[in-house]
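Here's the letter readout for the chains.
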Amino acid sequence: MELKPGYKMTEVGVIPEDWKDAPLGGLAEIRMCKRIFSEQTNSSGDIPFFKIGTFGRAPDAFISGDLYREYKRKYSFPKKGDVLLSAAGTLGRTVVYDGGDAYFQDSNIVWLDIDHEKITNEYLYQCYQTIRWASPEGSTISRLYNGIIRKTKIPLPPTETEQTAIATALSDVDELLATLDQVIAKKRDLKQAAMQQLLTGKIRLPGFGGEWEAKKLEHAGCCLRGVSYRGDDDLSPHDTAFTKRLLRSNNVQNAFVVTDDVQFVNNKRVSQDQVLQKNDILICMANGSKALVGKAGLFSIDDGFDYTFGAFMGCFRTDASIADPVFVFSLFQTGRYRDYINNLLAGSSINNLSPSSIDSLEFSFPPYAEQVAIGRALAEMDAELSVLEYRRDKTHNLKQAMMQELLTGKTRLVEGGYDG
C-alpha cells in the first residue's frame, strides 16, 4: 500500500509521521480503588458505591461517609476529569469522573493516572471509544488485565494543542448526541403519559363521548402463527422468484418493524394468510429472554417485496371494519398488555405464547371514530420520535466518521498539519 507523503504505517494504522503509536503503559499508571466488601455496603447509605453492574448507571449500593473519607484519605482515588474504565462486564465502558462523592469497585473499575505532559484526559476519552480490546495475541478476552491495558496502543498527536482540538471537536458532537437522547427520552415519557390517559378514557379527545366497551382481541381480529420451515433447506441467501422475505424477533425494534438482517424462505412454506399485510401487528411469541416475549411492531413496509414471519413470531391482524388497526397496536404498547404477557409466562420455564392467548387479552374499546382519532394522535407522536431518532442515528454516524478522520490524522485541525 502506497502511503501519502507525511504519513507512516504503524500498529494502530496509518498516522502522520509526527504522531506516535503509544502504549497506554507509557502514558499513565493504572489505578484502582481499594476493595469494598459486601458487609461494608448497604442499600441506603451516605455515599454511592458503583459496582461493575451499575457502572455508568444508577447505583444500588452505598457505603458510610466515615468509610468513604477514610479510604479516600488512605488509598488511590480518581481526580475530577479522570476517565474511569470498566475492566470486566461490558469491557471498555467509560465514564468521566465528575469529582462528586462516590466510590468504585476495586479492580473491576480502573483509571489511568496520566502524564499530563504527554496526553490529555479529554483526548484519551475519545481514543477509548475506538479501541477494540484484545489480548496481545489478538484473541477475545473477558477481562482487561493491567498487562493488556498497558500494551494497548493508541495514535498520539505530539502536542496538547492538537489533542485538545481533536477532543473538543468530538466532544461537541457528544454534547449534541446527549441533548438528542434527552429530548427523545422526554418525548417517550410524554407519549407514555398520553397513552395512559387516552387508551383508558381518563382523557377524551374533543368532540367524543359515549361508553367504552370491554372486549377480547378476538372480537377485533385474530392472531396467526408464523411459518415453519426446514432449516437451511428452505432458506436462500437472497431474494429469488421462489422466496418471500422472513421476519424474526430481531426485526422488531422499539415498536418498529425493520428490515435489517432478513432471511429468505421458500414460498412453498408460506400460506396466503402468512403473507404480511399493511398494519399487521408483528409479535415475538417465543424467545430465550422472557423480557422479549410479547414485543410488537406495526408492519407498514411497502418496498415491493412480500414479507412473512417465522415460527417463533405471531401476527395479529385487525379486522379494520370492526376496530382501528393503529388503535389496537397502541394497546400492545401499554403496561396493561405487558402485565398480561408477564402473567401468561409466570411459573413456566418455556417462554412461549400461543395465538389463542393473544386473542384472549381483554381491553376497553371506545367507539370506532374515537379509536381512529386516538390512533392518529399517537401515530403523530411516533412520527416525531422517528424524526428525532433518525437525527440521532445520523449524528452518531457523523461522530464515527469524524473519529476515523481525526484520530488517525487524516484530517488535521492545527496549523501546519498535513492535509488529509
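Further up the page is the structure itself.
Our subject in this report is the structure included herewith. Everything numeric in this text was worked out from a predicted model, so none of it was measured. (Residues numbered from 1 in each chain as written. Predicted model: local features only at pLDDT ≥ 70, side-chain atom pairs only at ≥ 80, totals over all residues. Heavy atoms only, no water.)

In this section: the packing of helix H2 (residues 121-128) against helix H4 (residues 160-198). Between H2 and H4, the least distance of the axes is 8 Å, while the angle of their chain directions is 60°. Taken together, the axes of H2 and H4 lie oblique to each other. The chirality of how H2 crosses H4 is left-handed. Here Glu122, Tyr123, Tyr125 and Gln126 of H2 come into contact with H4, specifically with Gln163, Ile166, Ala167, Leu170, Ser171 and Asp174. In the contact of H2 with H4, the residues fall into 5 nonpolar, 3 polar and 2 charged. (Axes fitted to C-alpha atoms, helices over the stretch in contact; angles between N-to-C directions. Helix = DSSP H or I, 4+ residues; strand = E, 2+ residues; numbered from the N terminus. Parallel < 35°, antiparallel > 145°, perpendicular 65-115°, else oblique. Left-handed = near helix turned anticlockwise from the far one by under 90°. Contact = heavy atoms within 4.5 Å. Nonpolar A, V, L, I, M, F, W, Y, C, P; charged D, E, K, R; others polar.)

One can describe the packing of H4 onto helix H8 (residues 368-406) by two numbers: an axis separation of 10 Å at closest approach and a directional angle of 165°. The orientation of H4 with respect to H8, classified from their angle, is roughly antiparallel. Handedness of the crossing formed by H4 with H8: left-handed. Taken together, the residues of the contact of H4 with H8 sort by class into 21 nonpolar, 2 polar and 11 charged.

Moving on: the sheet that holds strand S10 (residues 109-114). The pairing of strands in a sheet happens through backbone hydrogen bonds and is either parallel or antiparallel. Strand order in the open sheet formed by 4 strands is S4-S10-S7-S8, and the pairing between neighbours is antiparallel. The open sheet has two free edges, formed respectively by strand S4 (28-32) and strand S8 (94-96), since each of these has just one partner strand. The average undirected angle you get between the axes of adjacent strands in this sheet is 30°. Note: strand S7 (residues 83-86) against S10, 3 bridges, orientation antiparallel. Across the sheet, residue Leu84 finds its bridge partner in S10, namely Trp111. (Pairing = 2+ DSSP bridges.)

Spatially, S6-S5-S9 is the arrangement adopted by the 3 strands of the open sheet, whose pairing is mixed. At either margin of the open sheet sits one strand with a lone partner, and together these are strand S6 (61-63) and strand S9 (103-104). As paired strands, strand S5 (residues 47-50) and S6 are joined by 3 bridges and run antiparallel to one another. Counted as the bridge partner of Ile47 is Ile63 from S6. Against the sheet, helix H1 (residues 65-74) engages S5, S6 and S9, with an angle of about 70° to S6.

Moving on: the packing of aromatic side chains. In total, this model carries 14 aromatic pairs according to the counting rule given. A ring pair is formed by Tyr97 and Phe104, whose centres lie 5.9 Å apart and whose planes are at 90°; its orientation type is edge-to-face. As far as burial versus exposure is concerned, Tyr97 and Phe104 are alike and both buried. Measuring from centroid to centroid gives 6.1 Å for Tyr128 and Trp133, while their planes differ by 45°, and the two rings are tilted. Overall, the relative accessible area of 14% leaves Trp133 in the buried class. An aromatic cluster of three or more residues is present, and its members are Phe49, Phe50, Tyr68, Tyr71, Tyr75, Phe77, Tyr97, Tyr103 and Phe104. Across the ring face of Tyr75, the terminal group of Lys34 is positioned such that the distance to the ring centre comes to 5.1 Å. (Phe/Tyr/Trp six-rings, centres within 6.5 Å; stacked < 30°, edge-to-face > 60°. Buried < 20%, exposed > 50% of the residue type's maximum accessible area, 1.4 Å probe, protein only. Lys NZ or Arg CZ within 6 Å of the ring centre and 35° of its normal.)

With that settled, the discussion passes to the side chain of Asn351. Within the secondary structure, Asn351 is located in the loop between helix H6 (335-345) and helix H7 (355-359). Here the side chain of Asn351 touches Asn287 through a polar contact of 3.3 Å, landing on its backbone oxygen. Reaching out from Asn351, the side chain makes a polar contact with the backbone oxygen of Gly288 at a distance of 3.2 Å. Excluding anything up to four places from it in sequence, Asn351 contacts Met285, Ala286, Asn287, Gly288, Ser289, Lys290, Val293 and Leu345. (Polar contact = N/O pair within 3.5 Å; in protein donor to acceptor, adjacent residues only side chain to side chain.)

Attention shifts here to the nonpolar core. Core analysis: the largest hydrophobic core is formed by 33 residues, its most contacted members being Leu217, Ile281, Ile283, Phe316, Phe332, Ile358 and Phe365. Listed by contribution, the elements that provide at least two residues to this core are H4, strand S19 (281-284), strand S20 (296-298), helix H5 (325-331), H6, strand S23 (362-365) and H8. No other element matches H5, which puts 4 residues into this core. Excluding residues within four positions of it along the chain, Phe365 makes contact with Trp212, Glu213, Lys215, Leu217, Ala220, Ala323, Phe327, Val328, Leu331 and Gln371. In terms of nonpolar packing, the next biggest core, distinct from the first, is built from 31 residues, Leu24, Val83, Leu144 and Ile166 among them. (Core = buried A, V, L, I, M, F, W, Y, C linked by side-chain atoms within 4.5 Å.)

Turning our attention to unusual backbone geometry. Working note: non-glycine residues mostly have negative phi, and peptide bonds are mostly trans. We note that Asn254 has phi near 50°; this positive angle belongs to a residue other than glycine. Here Asn254 is to be found in the loop between strand S16 (252-253) and strand S17 (256-257). Backbone geometry at Ala255 places phi at a positive 70°, although glycine is not the residue there. The residue Ala255 is located in the loop between S16 and S17 in this model. Judged by its relative accessible area of 23%, Ala255 falls in the partly exposed class.

As a further point, take the pattern of salt bridges. Per the stated rule, a full pass over the model turns up 25 salt bridges. A salt bridge links Lys399 to Asp174; the shortest N-O distance between them is 2.7 Å. Of this pair, Lys399 sits in helix H8 while Asp174 sits in helix H4; the two residues are 225 residues apart in sequence, bridging distant segments of the chain. Asp174 gets classed as partly exposed once you look at its relative accessible area, which sits at 21%. (Salt bridge = Lys/Arg side-chain N within 4 Å of Asp/Glu carboxyl O.)

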